[in-house]
Amino acid sequence: MPYVMVQIPKSPTPASAPGRSVPTSADVARLAGVSRATVSYVLNNTSAVRISEPTRRRVHEAAKELGYVPHAAARSLRAGHSRMVLMPAPTIPVGPLYSQFLSDLQWALGRLDYTVVQYGTVGVHGDEAARAWAELRPVAVLVPGSGLGPQGVAVLKRSGARAVVTLGPETVEGAHALLMDHTGVGRAAAAHLCARGRRRIGVVVPEEPGLEVFSRPRLHGVRHAVRGTAATVTELPLAYEEEAAARLAAHWRDLGLDAVFAYNDEYAMLLMRALQDEGVTVPGETAVIGADDLMLGRLLRPRLSTVHIDLPSGRDLAELVDRAVRDPAAPPERHEVLGASVVHRDSS
């Protein structure tokens, strides 16, 4: 078969647009009338050197005017490690309370000059996920929930992570632990209902996958609170859907319950509306209590009783991360951080 060679003429190279030089710290220093070292101290939030507030303001204004931002890789080289804190996205649904906690934490870490990166891992869990996180070479990793094991912690540390912090029900060897025991939430709710004279208590257990890490301990806490009393506990599986709540409410009187701990405020609001639509009076026939103390619960009629949950402050957790980064050889810290107290309102 004969071959034909075709010569394709070269397209003319387009004239390059006039380039703009990337601003440097030297440019910022000249504009602000300070040294490059001062620029570095100010923009890297170095606390070891005292810089007057007017000077800091001049440096920040000069950097903003020039469009200058510090080079993360260069800063990491100087520090000997990155300033990236990796936060794997939770693999379970999270509500407004946890979202606010994450927001506060990101703000506090930013104040300490860390860059927070949220990382989504689809279909990868536990130690396998840790290998994916390690590829990014973070200086610290904050792992929500359970699933990470000692091997995953070791992988992260070998990749350069100076701090691995888990937020869950149990400790993991080699990692700092913020222990969140949700049995206390169930105990507080059940104790409140019993104190109000309720003896036939239903407990909503969400059917959404992943929430069992919270719902099962809360159910266990209710059972523990009524042990040795005349009160009974009925488990109520419920999907977060209006139709599912309506089906449960339709045969509510057949269950013979006089109270319900509805897992959290969102499920409580869903179920309470369905009960009211069915003609079940709240709290007359059935007392209702949720958890999380969301503001929306105060706007309902009747106002929703709830369990207020105390999560660790973003600032405290950020300081734990910073301590661990500065002293990676220090033994892992262990903190029990979940407090629970009842807020009594009209629904119970």
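Residues numbered from 1 in each chain as written. Predicted model: local features only at pLDDT ≥ 70, side-chain atom pairs only at ≥ 80, totals over all residues. Heavy atoms only, no water.

Would you mind showing me how to read the pairing of strand β1 (residues 84–88) here?
Both faces of the sheet carry side chains from a regular strand, because those side chains alternate between them. For β1, the buried fraction is high: four of the five residues fall into the buried class. Inspection of the sheet shows β1 paired to strand β2 (residues 115–119) by five bridges, in the parallel sense. Within the sheet, the bridge partner assigned to Met84 lies in β2 and is Thr115. Looking at chain direction, β1 and strand β3 (residues 140–144) are connected through two bridges and run parallel. Among the inter-strand pairings, Leu86 is bridged to a residue of β3, identified as Val141. (Buried < 20%, exposed > 50% of the residue type's maximum accessible area, 1.4 Å probe, protein only. Helix = DSSP H or I, 4+ residues; strand = E, 2+ residues; numbered from the N terminus. Pairing = 2+ DSSP bridges.)

Hey, could you run me through helix α10 (residues 242–250) in this one?
Turn by turn, an α-helix covers 3.6 residues, leaving residues three or four places apart pointing in a common direction. Within α10, burial applies to Ala244, Ala245, Leu248 and Ala249. Each buried residue of α10 lies within a common arc of 135° when the element is viewed along its axis, so the set occupies one face. Along α10, the residues that are exposed and aim more than 90 degrees away from the buried face are Glu242, Glu243, Arg247 and Ala250. Elements that come into contact with the buried residues of α10 comprise β7 (232–238), α11 (252–255) and α12 (265–277). (Arc of directions from axis to C-beta. Contact = heavy atoms within 4.5 Å.)

In this structure, what is going on with the sheet that holds strand β8 (residues 259–261)? I would like to understand it.
Consider a sheet: its strands pair through backbone hydrogen bonds, and that pairing is either parallel or antiparallel. Spatially, the four strands line up as an open sheet ordered β7-β6-β8-β9, and their pairing is parallel. Among the strands making up the open sheet, the edge pair consists of β7 and β9 (287–289). Adjacent strand axes in the sheet meet at a mean angle of 20°, parallel and antiparallel pairs treated alike. Across three bridges, the pairing between β8 and β9 is parallel. Counted as the bridge partner of Phe261 is Ile289 from β9. (Axes fitted to C-alpha atoms, helices over the stretch in contact; angles between N-to-C directions.)

What is the right way to read the environment of Leu338 from this model?
Its location among the elements puts Leu338 in the loop between β11 (334–336) and β12 (339–343). Residue classification places Leu338 among the buried residues on the basis of a relative accessible area of 18%. Setting aside its immediate chain neighbours within four residues, Leu338 contacts Leu179, Met180, Asp181, His182, Val185, Ile309, Asp310 and Leu311.

Just checking my understanding: could you explain the sheet that holds β1 for this structure?
Judged by pairing direction, the sheet is parallel, and its six strands sit side by side in the order β2-β1-β3-β4-β5-β11 without closing on themselves. On the outer flanks of this sheet lie β2 and β11, each paired with one strand and no other. Averaged over all neighbouring strand pairs, the angle between strand axes comes to 15°, with direction disregarded. Sheet topology places strand β4 (residues 163–168) next to strand β5 (residues 176–179); four bridges connect them, and they run parallel. By the bridge assignment, Gly168 is partnered in β5 with Leu179.

Any link to function would need more than the numbers given here.
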